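In case you want the letters, here they are:
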Amino acid sequence: MAKPVIIVESPTKARSITKYLAHKYTVIASKGHIRDLPKTKMGVDVDQGFEPNYVTLRDKKDVIAAIKKAAKDAPMVLLAPDPDREGEAIAWHIYEIVKKVNPNIKRVLFNEITEKGINAGLESPRDLDQYLFESQQARRIVDRLVGYELSPLLWKKVRRGLSAGRVQSVALRLIVEREKEILAFDPREYWAISVELTHENGDVFRALLAKVNGKKAVVPDAQTAAAILSQIQGEYLVSSVVKKRSTRKSPPPFITSTLQQESSKRYYFPAKKTMMLAQKLYEGIEFGASNDLRGLITYMRTDSTRVSDEAIVAVRDYVGQRFGKEFLPAKPHIYKTKKGAQDAHEAIRPTDVSLTPQLVEAQIVASGANAADARNLAKLYELIWRRFVASQMTDALFDVTSVDIQRGDLTFRCQGQVEAFKGFRAIYADKQENGGASENSAEEQELSTSLLPPLEEGMTPAYLRHESDQRFTQPPARFSEATLIKELEERGIGRPSTYATIISTLINRKYMLREKRRFTPTELGTIVTDLLSEAFPDILNVEFTASMEEKLDAVEENKVHWRELLGEFYG
């Protein structure tokens, strides 16, 4: 007797699912899309309501034949590509092929490739989501229209073979405009003046000039610095000591964009590499000497910080047992998902919090995986695991002391910070990335994290020495992978699942370079941006691009018809 058929898009995912369902289902992989718009022409009939002309991909004829054969006599066909817009589009095109041989078709979603996750998906089959597919279809058509209308202009004005894209061109514009800001930047001179003082117990500490005659210190040139230095020696008096308790809140679990940013800052992983590794962790990793496939994280394309009740119970149990009750908040942390998020899936988290990074790395290595691949997979899993555990731990506490010290009309300031309680930092510490430096930022950051001796008002620390450095304000920093992704997300340009493709496309087309982990536009990228900005100011407009994302979301929510959206856009 024929078994029900499950169709997924990835061979690895098919093998992982087969492990759990081999005796009950036949599992087949479509190996991605089976139909798409043609490569050699627009493939969109504008006069017929933007009707798309889909063609079967040449290399998928054998795959389609295998799908039809398996589906023909099956009691049920379950379409299980990834649970997002792209996955819905893949499922829809498979449906168009399969319905001709078997109309008994349902859609299932697997948020995690584990026995629990697969069974949960199979228990809740649904019809295909017409509006989710139409939203993705509208996005594909919009991008095709932009490419086919804008690219010929580049061929005529610059050279043949160039291409423009609705989102990638706007991302490139951000990089080009940042470079122009840097080139136009006029450095401003300033002087940083600090003193080293000695506490009565012999401890030496530094303080930075903060005020002159009660006003913010502005030291624009050597002459002003010299006038201040002429007053710097003599008696010093501690005039103010302010102590306060500072709280650093535990971070939410990862969503797609924050995972891309953090892995870039910590490991210098490009977004494309991060998503490739995350896809493997989701679909299934060979585990141990038996090469048992196991899905280690939940679905990695998500904009939601929501976590299932079951997962919260498990992680709270782990925190309580591993760290103790003082690290466990009285109530679970619930994080707000940003406005406009689809909230279709949970946050990115380990499927089993008891699988610690050390255990996972050992199992991946034992499977005989390539050493570099094993190391990178283990790194990303550890990052996801630590962030998730930290999200359900208590906040970190710091005792912050700010001290003002007078020397005549000069006020010097020092700050010290001491960790009073580690909280979530016992397992996870944020990695900061610096942008362009403003006046005194480096000195203030250094002093704010220094340890101070026990200073009290009325004390008279002794002058030891001073430092006076000529400095210049710095231009804004070029975008790194992390800061570009953050900028795109904050401005509503594209979707996190597309960031990796956007960045790799701009590099592959030689519109920008990655130098010292920062993006620099090429001459070609600058020419293309300037030309498109002049010829198509709306298309290259950041706000216009962000509003298009909102309209595509409205199609998904059945608030706007996809043909109506395209008509408005094309006009």
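Attention here is on the structure that accompanies the text. Everything numeric here is computed off the predicted structure, so don't read it as measured data.

## Describing the overall build of the chain
When you go through the chain residue by residue, the secondary structure sums to 18 helices and 19 strands. In terms of principal-axis extent, the alpha carbons of the chain reach across some 95 × 65 × 45 Å. Sorting the 571 residues of the chain into buried and exposed places 49% on the buried side. Contacts spanning at least 24 positions in sequence make up 77% of the contacts within the chain whose residues lie at least 6 apart. Only carbon and sulfur atoms are counted for the fraction: they give 49% of the accessible area of the chain, which is about 27600 Å². Side chains of the chain give 83 positive and 78 negative charges; the mean places of these two sets differ by 5 Å.

## As for the environment of leucine 566
Within the secondary structure, leucine 566 is located in helix H18 (residues 562-570). Along the backbone, leucine 566 and arginine 159 are 407 residues apart, and their C-alpha atoms lie at a distance of 29 Å. Apart from the residues lying within four places of it in its own chain, the contact partners of leucine 566 are Phe50, Ala138, Ile141 and Val142.

## Here we look at the pairing of strand S18 (residues 512-515)
The pairing of S18 with strand S19 (residues 518-521) spans four bridges and is antiparallel. Counted as the bridge partner of arginine 514 is phenylalanine 519 from S19. Between S18 and S19, which follow one another and run antiparallel, lie two residues, and lysine 516 among them has a positive phi close to 50°.

## Regarding the side chain of serine 163
Mapped onto the fold, serine 163 is located in the loop between helix H5 (130-157) and helix H6 (168-184). You can call serine 163 buried: its relative accessible area is 16%. A polar side-chain atom of serine 163 sits 2.6 Å from a polar atom in the side chain of arginine 509. When sequence neighbours within four positions are dropped, the list of residues in contact with serine 163 reads Ser151, Leu154, Gln168, Arg509 and Tyr511.

## Re the sheet that holds strand S1 (residues 5-8)
Spatially, four strands are ordered S2-S1-S7-S8 in an open sheet, and the strand pairing comes out parallel. Whereas interior strands pair on both sides, the edge strands pair on one side only; in this sheet they are strand S2 (26-29) and strand S8 (105-107). This sheet shows a mean twist of 25° between the axes of neighbouring strands, independent of strand direction. Across three bridges, S1 lies against strand S7 (residues 77-79) in parallel orientation. Paired with isoleucine 6 across the two strands is leucine 78, which belongs to S7.

## Some details on the environment of phenylalanine 421
Mapped onto the elements of the fold, phenylalanine 421 is located in strand S16 (residues 410-421). As for phenylalanine 421 and alanine 396, which are separated by 25 residues in sequence, their C-alpha atoms are 5.6 Å apart. Excluding residues that lie within four positions of it along the chain, phenylalanine 421 makes contacts with Glu326, Phe327, Thr394, Asp395, Ala396 and Leu397.

## What to know about the packing of aromatic side chains
Tallying each qualifying case throughout the model produces 11 aromatic pairs. Taken together, a centroid distance of 5.1 Å and an interplanar angle of 70° make the contact between tyrosine 282 and tyrosine 299 edge-to-face. Remark: tyrosine 299 occurs in the loop between strand S14 (292-294) and helix H10 (309-323) and tyrosine 282 occurs in helix H9 (residues 271-283); sequence separation between them is 17 residues. Taken as a pair, tyrosine 282 and tyrosine 299 share a single burial class, namely buried. Here the aromatic cluster, defined as three or more aromatic residues joined through ring pairs, consists of Trp92, Tyr95 and Phe133. Over the aromatic face of phenylalanine 479 sits the side chain of arginine 178, whose NZ or CZ is 4.2 Å from the ring centroid. Over the ring of tyrosine 268 we find arginine 517, and its NZ or CZ is 3.4 Å from the ring centre.

## Section: the side chain of arginine 35
Tracing the chain through its elements places arginine 35 in strand S3 (residues 35-36). For arginine 35, the contacting residues outside a window of four places in its chain are Tyr54, Val55, Thr56, Leu57, His93 and Glu96.

## Some points on the pairing of S2
When S1 meets S2, the two strands line up parallel, connected through four bridges. Within S2, the position partnered with isoleucine 7 by the bridge is isoleucine 28. One crossover worth recording links S1 to the parallel S2 by way of helix H1 (residues 11-21), and it is right-handed.

## Digging into the nonpolar core
For soluble globular proteins, the rule of thumb is that nonpolar side chains tend to be buried together. Counting residues in each nonpolar core, the largest one holds 131 residues, and the members touching the most others are Ile6, Ile17, Phe110, Ile297 and Val389. Looking at this core element by element, the count peaks at 10 residues for helix H12 (residues 371-391). Ignoring anything within four residues of it in the chain, the contact list for valine 389 reads Val315, Tyr318, Val319, Val353 and Ile427. Of all hydrophobic cores here, the second largest spans 22 residues; its members include Ala217, Val219, Phe412 and Met459.

## Points about unusual backbone geometry
For residues besides glycine, phi is generally negative; the peptide bonds are generally trans as well. Notably, phenylalanine 50 is not glycine yet its phi reads approximately 60°, a positive angle. The phi angle at lysine 510 is positive, at roughly 60°, despite the residue not being glycine. Among the secondary structure elements, lysine 510 is positioned in the loop between helix H15 (496-508) and S18.

## Thoughts on helix H4 (residues 115-122)
Every buried residue of H4 is listed here: Gly117, Ile118, Gly121 and Leu122. Relative to the axis of H4, the buried residues are bounded by an arc of 130° and lie together on one face. In this structure, the buried residues of H4 make contact with S1, H1 and S7.

## What about the environment of alanine 477?
Position of alanine 477 among the secondary structure elements: in the loop between strand S17 (462-472) and helix H14 (481-491). Residue class for alanine 477 comes out buried when judged on its relative accessible area of 19%. Put simply, alanine 477 and glutamate 286 are 191 residues apart on the chain and 41 Å apart in space, counted from C-alpha to C-alpha.

## Here we look at H6
Along an α-helix, residues three or four positions apart point the same way, because every turn accommodates 3.6 residues. Given a rise of 1.5 Å per residue, 17 residues ought to cover 24 Å, and the 24 Å separating the end C-alpha atoms of H6 matches this to within 8%. Those residues of H6 that fall on the buried side of the exposure criterion are Gln168, Ser169, Val170, Ala171, Leu172, Leu174, Ile175, Val176, Arg178, Glu179 and Ile182.

## Description of the pattern of salt bridges
For the structure shown, the criterion picks out 37 salt bridges. Salt-bridge contacts for arginine 349 lead to glutamate 346; the nearest nitrogen and oxygen are separated by 2.7 Å. By the burial criterion, arginine 349 is buried, and glutamate 346 matches it. Measuring nitrogen to oxygen at the nearest pair gives 2.7 Å for the salt bridge that ties aspartate 404 to arginine 413. Overlapping salt bridges, with partners in common, bring together Glu112, Lys116, Glu310, Glu346 and Arg349 in one network.

Quick notes on the rules
Residue numbering note: each chain is counted from 1, following its sequence as written. Local features in this predicted model are restricted to residues whose pLDDT is 70 or higher, and side-chain atom pairs enter the listing and the counts only when it is 80 or higher, whereas totals over whole chains, interfaces and linings include all residues. Hydrogens and water molecules were not included; the side-chain quantities draw on all heavy atoms of the structure. Starting at the N terminus, helices and strands are each numbered in turn, a helix being any DSSP run of H or I of at least four residues and a strand any DSSP run of E of at least two. The classification of residues rests on relative accessible area computed with a 1.4 Å probe and restricted to protein chains. Under 20% of the type maximum is buried, over 50% is exposed, and intermediate values are partly exposed. Two residues qualify as a contact provided that any one of their heavy atoms is within 4.5 Å of a heavy atom in the partner residue. To be clear on the numbers: accessible area is Shrake-Rupley with a 1.4 Å probe, and residue cover counts the displayed protein chains and nothing else. His is not counted, nor are the chain ends; Lys and Arg add positive charge and Asp and Glu add negative charge. In plain terms, the charge of a residue is placed at NZ if it is Lys, CZ if Arg, CG if Asp and CD if Glu. Any two strands with at least two DSSP bridges between them are considered paired. Polar contacts, as counted here, are pairs of nitrogen or oxygen atoms within 3.5 Å of one another; within protein the pair requires one atom able to donate a hydrogen and one able to accept it, and residues that are adjacent in sequence qualify only if both atoms are side-chain atoms. Between N-to-C directions, angles cover 0 to 180 degrees, with each direction set by a line fitted to C-alpha atoms, over the stretch in contact for helices. Only centres within 6.5 Å qualify two rings of Phe, Tyr or Trp (six-membered ring in Trp) as a pair; their planes then separate them into stacked at under 30 degrees, edge-to-face at over 60, and tilted for everything else. Lysine and arginine charges are scored as sitting over a ring when NZ or CZ, respectively, is within 6 Å of the ring centre and within 35 degrees of the ring normal. The handedness of a crossover follows from its direction of travel: if, with the strands pointing away from the viewer, the path from the first strand over the helix to the second runs clockwise, the crossover is right-handed. By convention a nonpolar core is built from buried Ala, Val, Leu, Ile, Met, Phe, Trp, Tyr and Cys residues, the set being connected through side-chain atoms within 4.5 Å. In this description, the arc belongs to the directions extending from the helix axis to the C-beta atoms. A helix's residues, less one, multiplied by 1.5 Å, set its expected span. Salt bridge, as applied in this entry: a Lys or Arg side-chain nitrogen positioned within 4 Å of an Asp or Glu carboxyl oxygen.

Interpretation in functional terms is not warranted from these geometric data alone.
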